[in-house]
Amino acid sequence: MSQPPKRAMASAAVFLRNLAVFSAVSFVAQFVWEAIQSPIFYGGSPPVCILLCAAGGDVMMGAGLYLLLTAAHGEADWMTRPYTRADWGIMVLYGALLSFYIETRALWLNRWHYDAAMPLIPGTPVGLIPVLQLVLLFPAGLGISRWMINRLIGSAHEMDSQS
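As the structure is a computational prediction, the values presented were derived from the model and not from experiment.

Engineer: How would you summarise the packing of aromatic side chains if you had to cite specific residues and measurements?
Structural biologist: A complete count under the given rule lists 6 aromatic pairs for this structure. Ring geometry for tyrosine 66 versus tryptophan 78: centroids 5.9 Å apart, planes at 35°, classification tilted. In this pair, tyrosine 66 is assigned in helix 2 (residues 48–73) and tryptophan 78 in the loop between helix 2 and helix 3 (85–108), connecting sequence segments 12 residues apart. Take tyrosine 66: its relative accessible area is 0%, and that puts it in the buried class. Judged by relative accessible area, which is 1%, tryptophan 78 ranks as buried. Look at tyrosine 94 and phenylalanine 138: their rings are 5.8 Å apart centre to centre, the planes differ by 50°, and that puts the pair in the tilted class. Separated by 44 residues along the polypeptide, tyrosine 94 in helix 3 and phenylalanine 138 in helix 4 (residues 128–153) bring together distant segments of the chain. We note arginine 146 situated over the ring of tyrosine 83; from NZ or CZ to the ring centre the distance is 5.6 Å.

Put into structure tokens, the structure is as follows:
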């Protein structure tokens, strides 16, 4: 069996590195958000395992966004460059549409409910806070990840020059 080209291996390594950094950053941000917002879902603090599962689900949705943007750019190292308006638009729309769908479905299936303190999106039964969570944290997580990769780890171009 032939060896994959060096460039393809480097590209796969960059893809996985970027996904790992984004996932780690996202997990921390999502967990903190879940812990802060949980009283307006539950009227109190839920068990940590609930928060961990919720943050894990949020990270999986973020991974979907990362895959979508990677496919749109057609390369693994897109994250190290400044994001375009289209990138920001995809991030915000993805977060808004996905969160609105998840909240609507969960409410309809009685998977959860909101405390009276939860502000609702006008004309809907959907809470504003969970929608803002994905709309704000997906772009923030990608932005922080980009900064970390560029400043602390290095871009793929630097990785290529070292090999």
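From this point on, the discussion continues.
Engineer: Can you break down the packing of helix 3 against helix 4 residue by residue, with the values?
Structural biologist: At a closest axis distance of 8 Å, the pairing of helix 3 and helix 4 adopts a crossing angle of 150°. Crossing hand, helix 3 versus helix 4: right-handed. Mapping the contact onto sequence places Trp88, Met91, Val92, Tyr94, Gly95, Ala96, Ser99, Phe100 and Glu103 in helix 3 and Pro130, Val131, Leu134, Val135, Phe138, Pro139 and Leu142 in helix 4. By residue class, the composition of the contact of helix 3 with helix 4 is 13 nonpolar, 2 polar and 1 charged.

Rules used throughout
- Residues numbered from 1 in each chain as written.
- Predicted model: local features only at pLDDT ≥ 70, side-chain atom pairs only at ≥ 80, totals over all residues.
- Heavy atoms only, no water.
- Phe/Tyr/Trp six-rings, centres within 6.5 Å; stacked < 30°, edge-to-face > 60°.
- Helix = DSSP H or I, 4+ residues; strand = E, 2+ residues; numbered from the N terminus.
- Buried < 20%, exposed > 50% of the residue type's maximum accessible area, 1.4 Å probe, protein only.
- Lys NZ or Arg CZ within 6 Å of the ring centre and 35° of its normal.
- Axes fitted to C-alpha atoms, helices over the stretch in contact; angles between N-to-C directions.
- Left-handed = near helix turned anticlockwise from the far one by under 90°.
- Contact = heavy atoms within 4.5 Å.
- Nonpolar A, V, L, I, M, F, W, Y, C, P; charged D, E, K, R; others polar.

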